[in-house]
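Residue-level structure breakdown
Single-letter residue listing:
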Amino acid sequence: MDRRKLIKIGALGSILGLSKSVFGETSNGILIKENNLIDNEPKKMIYPKIVSTWNHGMAANQKAWETIKNGGTALDAIEQGLRVTESDLTNRSVGIGGMPDRTGHVTLDACIMDEQSRCGSVAFLEGIDHPISVARKVMETTQHVMLVGKGAKDFAIENGFSKIKTPLPEVKAEWKKWLKEQEKIVKQPQINHENHDTIGMLAMDKDGNICGGCTTSGWAYKLHGRVGDSPIIGAGLFIDNEVGGAVATGLGEAIIRIAGSHTVVELMRQGASAMEACKETVDRIIKKHKNLEGLQCGFLAIDKNGSVGAFSVYNGFNFAYTDEKQHKMIDAHFDRTW
Ligand code: GLY
């Protein structure tokens, strides 16, 4: 990116009213300061790196990092990292410990995408412990992108995945209690740092190749058959290795409506930084929804040079960041407070 383009983006930042912290880094790591002055000192890009949504990302990133350090690919890192969260029986929004739908079924959604734009996805999958690995299997061994429901389960079993009984007894007890209290209305979910929501992960290897994945049990007490954004390529996840990658978290219906992760990546293609692209995409969600009560959505993105951005509708969204030097949680920027 040349100086003229930086100045253009600086001006765009002023128009959008972005502060330095929102504006963040340009894609080549040159900082634009608060007053939009340009720091011409190029920063050394650091990769490999792993980012993933919410606190559960710390343990997942740890595993993903070890995988890369032990010679695994970015795709291996994504799969191994996300399996950690899927195996965590205390996690109520990802994997087999997840909350059921209103009929008591735990249905899981996941997808994966690599640097060659290959992708695989499973949705409405029940009783299989690692949807992210099934998604990878779909990607690598079939001509399809997405398998759902019984077909996805049959495929998983045929490929040696073990069956598991869900919901967990304690989750079932919670669901039964909820059923008793429930009037027959669809409540808006409160998606925040306490109930976490989806894990979406992006990994960049030492050569700068980007892969991503996401996995979730979806909206607790959803209608039977509901599928959110997480297994939908372009909504919950999108990678274009020429440009960057993005993952989404939050209310899937709102994310699907604007093809959220694809939108983030396309904005980066047009010159937006990872942070600007996430902000612009959140702005689009805000614009398209008259009622924003409880409508939390967030995007996490990485561009081709390793710059990272994250932005959400409401405060509370955070992400885990791991590279050679750091392993920490970072708060996303946001448009409004709860
Ligand atoms: N973002 C997860 C879901 O809506 O299912």
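Read on for a plain summary of the structure. (Residues numbered from 1 in each chain as written. Predicted model: local features only at pLDDT ≥ 70, side-chain atom pairs only at ≥ 80, totals over all residues. Heavy atoms only, no water.)

Thr166 connects to Pro167 through a cis peptide bond whose omega is -5°. Residue position: Pro167 is located in the loop between α6 (149–158) and α7 (169–181). With a phi close to 65°, Ser117 is a non-glycine residue in the positive phi region. Mapped onto the secondary structure, Ser117 falls in the loop between β2 (107–113) and β3 (119–126). (Helix = DSSP H or I, 4+ residues; strand = E, 2+ residues; numbered from the N terminus.)

With mixed pairing, the eight strands of this open sheet are ordered in space as β4-β3-β2-β6-β5-β1-β11-β12. Only two strands of the sheet have a single neighbouring strand rather than two, namely β4 (146–148) and β12 (327–331). Neighbour-to-neighbour, the strand axes of the sheet open up by a mean angle of 10°, direction not taken into account. Bridge count for β2 against strand β6 (residues 210–216) is five bridges, and the pairing is antiparallel. Within β6, the position partnered with Ala110 by the bridge is Thr215. Sheet strands touched by helix α3 (residues 57–69): β1 (49–53), β5 (199–204), β11 (318–323) and β12. Its angle to β1, the strand with the most contacts, is close to 155°. Sheet contacts for helix α5 (residues 131–141): β2, β3, β4 and β6; angle to β3, the most-contacted strand, approximately 135°. (Pairing = 2+ DSSP bridges. Axes fitted to C-alpha atoms, helices over the stretch in contact; angles between N-to-C directions. Contact = heavy atoms within 4.5 Å.)

Attention now goes to the packing of aromatic side chains. Pairs of aromatic rings are described using the distance from one ring centre to the other and the angle between the two planes. Counted by the stated rule, this structure contains three aromatic pairs. Aromatic pair Trp178 and Tyr221: ring centres 3.9 Å apart, planes at 15°, arrangement stacked. Of the two residues, Trp178 sits in helix α7 while Tyr221 sits in the loop between β6 and β7 (237–240), which places them 43 residues apart along the sequence. Across the pair, Tyr221 and Trp178 agree in class, each one buried. Ring geometry for Tyr314 versus Trp338: centroids 4.2 Å apart, planes at 10°, classification stacked. With Tyr314 in strand β10 (residues 308–314) and Trp338 in the segment after β13 (333–336), the pair connects residues that are 24 residues apart, well separated along the chain. A residue is classified by how much of its surface remains accessible, and Tyr314, at 10% relative accessible area, is buried. Using a relative accessible area of 41% as the deciding quantity, one classes Trp338 as partly exposed. (Phe/Tyr/Trp six-rings, centres within 6.5 Å; stacked < 30°, edge-to-face > 60°. Buried < 20%, exposed > 50% of the residue type's maximum accessible area, 1.4 Å probe, protein only.)

A word on the packing of α5 against α6. Contact geometry for α5 and α6: axes closest at 10 Å, N-to-C directions at 80°. Between α5 and α6, the interaxial angle falls into the category roughly perpendicular. Side by side, α5 and α6 meet where Val134, Lys137, Val138 and Thr141 of the first sit next to Ala152, Phe155 and Ala156 of the second. A class-by-class count of the residues in the contact of α5 with α6 yields five nonpolar, one polar and one charged. (Parallel < 35°, antiparallel > 145°, perpendicular 65-115°, else oblique. Nonpolar A, V, L, I, M, F, W, Y, C, P; charged D, E, K, R; others polar.)

Counting buried positions along β2 yields seven of seven residues, so the element is predominantly enclosed. Judged by which residues are buried, β2 turns out to be covered on both faces: Thr107, Asp109, Cys111 and Met113 on one side and Leu108, Ala110 and Ile112 on the other are all buried. When β2 meets β3, the two strands line up antiparallel, connected through six bridges. In the sheet register, Cys111 faces β3, and the bridge partner there is Ser121. Between β2 and β3, which follow one another and run antiparallel, lie five residues, and Ser117 among them has a positive phi close to 65°.

Turning next to α3. Helix length check: α3 (13 residues) gives 18 Å between terminal C-alpha atoms against 18 Å at 1.5 Å per residue, within 8%. All buried positions along α3 are accounted for by Gly57, Ala60, Asn61, Ala64, Trp65, Thr67 and Ile68. Seen along its axis, α3 keeps its buried residues to an arc of 160°; they face one direction. Along its buried surface, α3 packs onto β1, α4 (74–87), β5, β11 and β12. (Expected span 1.5 Å × (residues − 1). Arc of directions from axis to C-beta.)

Every residue near the ligand is listed here: Asp197, Thr198, Gly218, Trp219, Arg226, Gly228, Asp229, Ser230, Gly250 and Gly252. One of the side-chain N or O atoms of Thr198 is found 3.1 Å from a nitrogen atom in the ligand. Within the backbone of Gly252, a nitrogen or oxygen atom sits 2.9 Å from an oxygen atom of the ligand. (Near = heavy atom within 4 Å. Polar contact = N/O pair within 3.5 Å; in protein donor to acceptor, adjacent residues only side chain to side chain.)

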